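Residue-level structural notes
Residue strings, one per chain:
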Amino acid sequence: MKEQWLYWQDGTHDPYFNMAVDEILLANSALLEGKVLVRVYRWDRPSVSFGSSQICPQELADKYTLVRRPTGGGVVYHDVDLTYTVVVPPGHSILQLDRMESYKVFHEALLIKMTEDGVAAVLEDHGTDHVDRATMQCFVSPSRFDLVAPSGSKYAGAAQRRTRMGILHQGSILLEAAGGSWDKLHAELLESLKIKFNVEYQDWQPPQELIAEAARLGVEKYSTEKWNINHEF
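Report on the accompanying structure. (Residues numbered from 1 in each chain as written. Predicted model: local features only at pLDDT ≥ 70, side-chain atom pairs only at ≥ 80, totals over all residues. Heavy atoms only, no water.)

1. Regarding the overall build of the protein
Assigned secondary structure in the protein consists of 5 helices and 11 strands. Scaling as 2.2 N^0.38, a compact globule of 233 residues should have a C-alpha radius of gyration of about 17 Å, and the protein matches this with 17 Å. The principal-axis extents of the C-alpha atoms in the protein amount to approximately 45 × 45 × 30 Å. Evaluated residue by residue, the protein yields a buried proportion of 54% over its 233 residues. A separation threshold of at least 6 residues defines the contact pool for the protein, and within that pool the share at least 24 residues apart is 69%. (Helix = DSSP H or I, 4+ residues; strand = E, 2+ residues; numbered from the N terminus. Rg over C-alpha atoms; globule rule 2.2 N^0.38 Å. Buried < 20%, exposed > 50% of the residue type's maximum accessible area, 1.4 Å probe, protein only. Contact = heavy atoms within 4.5 Å.)

Given below as structure tokens:
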């Protein structure tokens, strides 16, 4: 019997809402009733997100809207990628994996369709040596278990946050992995997860009060210099 996962085909939003809603989803994982949630969404402008412990890359502010993520990792450009979120609620078997294995398993899933479609991608074994973790750029400095081309250039990366409410997994895949087509990559992402985890999807929509809470958090936290530059919250 296939496991049931929830799927939210979200729309296009500003960078601050996009990060705020993921924080709210993790904090309210009880709403998922034990099911894993996959959210796919877009950005309404060229944006750069950076990890929760990183230095804000203010030199990019002329061309991109900058936002600090609630997860780790480095700098990610959101103008030629597909972004997705997976929320794993407490009690799910994925939580039994350690931090690196829970990261690896999602990229193993993505590799299924990439390989099938003839994309020469592999799991990065070691990651780049001697990377300054405060300033790292995710698609310049692959980490262990990222998806990379044989040349070492990166196709897909992610970052996670673990709390007592579960796992927040935020992923980014270059459109190049699907010939530049967002729609094709979207379909391949869902199919890859479906095959890897032997699941079926149920369409899901968050309650309006959750959306309102995320909108408020986007304005009051994620759009502020206090969070993005000073890392205070």
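2. Looking at the nonpolar core
In globular proteins that are soluble, nonpolar side chains generally tend to be buried together. Counting 35 residues, the largest nonpolar core has Trp5, Leu82, Tyr84, Phe106, Ile173 and Phe197 as the members making the most contacts within it. Taken together, the elements giving at least two residues each to this core come down to strand S1 (3-13), strand S2 (37-43), strand S6 (81-88), helix H2 (99-116), strand S9 (154-163), strand S10 (166-174) and helix H3 (182-197). By size, the runner-up hydrophobic cluster in this structure holds 24 residues, among which are Met19, Leu25, Leu217 and Tyr222. (Core = buried A, V, L, I, M, F, W, Y, C linked by side-chain atoms within 4.5 Å.)

3. Topic: the packing of helix H1 (residues 15-27) against helix H4 (residues 208-222)
Here H1 crosses H4 at 120 degrees, and the two axes come no closer than 8 Å. Here H4 runs oblique to H1, going by the angle between their axes. Regarding H1 and H4, the two cross each other, and that crossing is right-handed. The residues of H4 that touch H1, namely those facing Tyr16, Phe17, Met19, Ala20, Val21, Glu23, Ile24 and Leu25, are Leu210, Ile211, Glu213, Ala214, Ala215, Leu217, Gly218, Lys221 and Tyr222. (Axes fitted to C-alpha atoms, helices over the stretch in contact; angles between N-to-C directions. Parallel < 35°, antiparallel > 145°, perpendicular 65-115°, else oblique. Left-handed = near helix turned anticlockwise from the far one by under 90°.)

4. Comments concerning H4
In this model H4 runs 20 Å from its N-terminal to its C-terminal C-alpha over 15 residues, within 8% of the 21 Å that 1.5 Å per residue would give. For H4, the full list of buried residues reads Leu210, Ala214, Leu217, Gly218, Lys221 and Tyr222. Buried residues of H4, seen end-on, are gathered within an arc of 110 degrees and therefore sit on one face of the element. Exposed and facing more than 90 degrees away from the buried side of H4 are Gln208, Glu209 and Val219. Among the structural elements, H1, strand S4 (65-68) and helix H5 (225-228) are those in contact with the buried residues of H4. (Expected span 1.5 Å × (residues − 1). Arc of directions from axis to C-beta.)

5. Considering the environment of Gly34
Positionally, Gly34 belongs in the loop between H1 and S2. Residue Gly34 is classed as partly exposed on the basis of its relative accessible area, which comes to 43%. Excluding its chain neighbours within four sequence positions, the residues that come into contact with Gly34 are Pro89 and His92.

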